[in-house]
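Survey of secondary and tertiary structure
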Amino acid sequence: GIPNKVFSTPYFVIRYEVKDDAVFQCSVVVGKKVDKKAVGRNKIKRIIVQNIKDLVSQNAKANLILYARNKITELTEEKIREELQKAFKKIQIL
């Protein structure tokens, strides 16, 4: 099912579940409210997924669903990485 714990920032919402027997799974959702064009939504997804791959080791035991919010379009790639890093430290995935 959907992970039950929720962590929010002004830029995204993370639903997560940390389990000892789980393998790391992550999905990124960027809705039409964030960017009307699919090109823009896909670019945001690519940036987020690449940063998650760089930050989180593959032996992490968590399930994540990351929902992007409208304000994420204001951030640069570096800022997105910093925000993800802060969030992952807070929810103890890093």
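As a starting point, this report considers the structure included with it. (Residues numbered from 1 in each chain as written. Predicted model: local features only at pLDDT ≥ 70, side-chain atom pairs only at ≥ 80, totals over all residues. Heavy atoms only, no water.)

**Quick look at the environment of threonine 9**
Its place among the elements puts threonine 9 in the loop between strand 1 (5-8) and strand 2 (12-18). Here threonine 9 falls in the buried class, since its relative accessible area comes to 9%. Sequence spacing of threonine 9 and arginine 69 is 60 residues, and the spatial spacing of their C-alpha atoms is 8.9 Å. (Helix = DSSP H or I, 4+ residues; strand = E, 2+ residues; numbered from the N terminus. Buried < 20%, exposed > 50% of the residue type's maximum accessible area, 1.4 Å probe, protein only.)

**Topic: the pairing of strand 1**
Strand residues, when the strand is regular, have side chains that alternate between the two faces of the sheet. When strand 1 meets strand 2, the two strands line up antiparallel, connected through four bridges. Considered in strand 2, the bridge of serine 8 is made with valine 13. In textbook terms, the turn of a hairpin is the stretch between consecutive antiparallel strands, and for strand 1 and strand 2 this stretch comprises three residues. (Pairing = 2+ DSSP bridges.)

**Focus on the pattern of salt bridges**
One pass over the structure, following the stated rule, counts three salt bridges. The closest approach of N and O atoms between arginine 81 and aspartate 54, which form a salt bridge, is 3.4 Å. Taken as a pair, arginine 81 in helix 2 (residues 77-90) and aspartate 54 in helix 1 (residues 38-55) lie far apart in primary sequence, 27 residues in all. With a relative accessible area of 44%, aspartate 54 lands in the partly exposed category. Glutamate 82 is paired through a salt bridge with lysine 79; the nearest N and O atoms lie 3.8 Å apart. On the criterion of helical spacing, the pair formed by glutamate 82 and lysine 79 is a turn pair, its members being three residues apart in helix 2. For glutamate 82, a relative accessible area of 39% translates into the label partly exposed. Under the relative-accessibility criterion, lysine 79 is labelled partly exposed at 40%. (Salt bridge = Lys/Arg side-chain N within 4 Å of Asp/Glu carboxyl O.)

**Thoughts on the environment of glutamate 78**
Within the fold, glutamate 78 resides in helix 2. Sequence spacing of glutamate 78 and asparagine 51 is 27 residues, and the spatial spacing of their C-alpha atoms is 9.3 Å.

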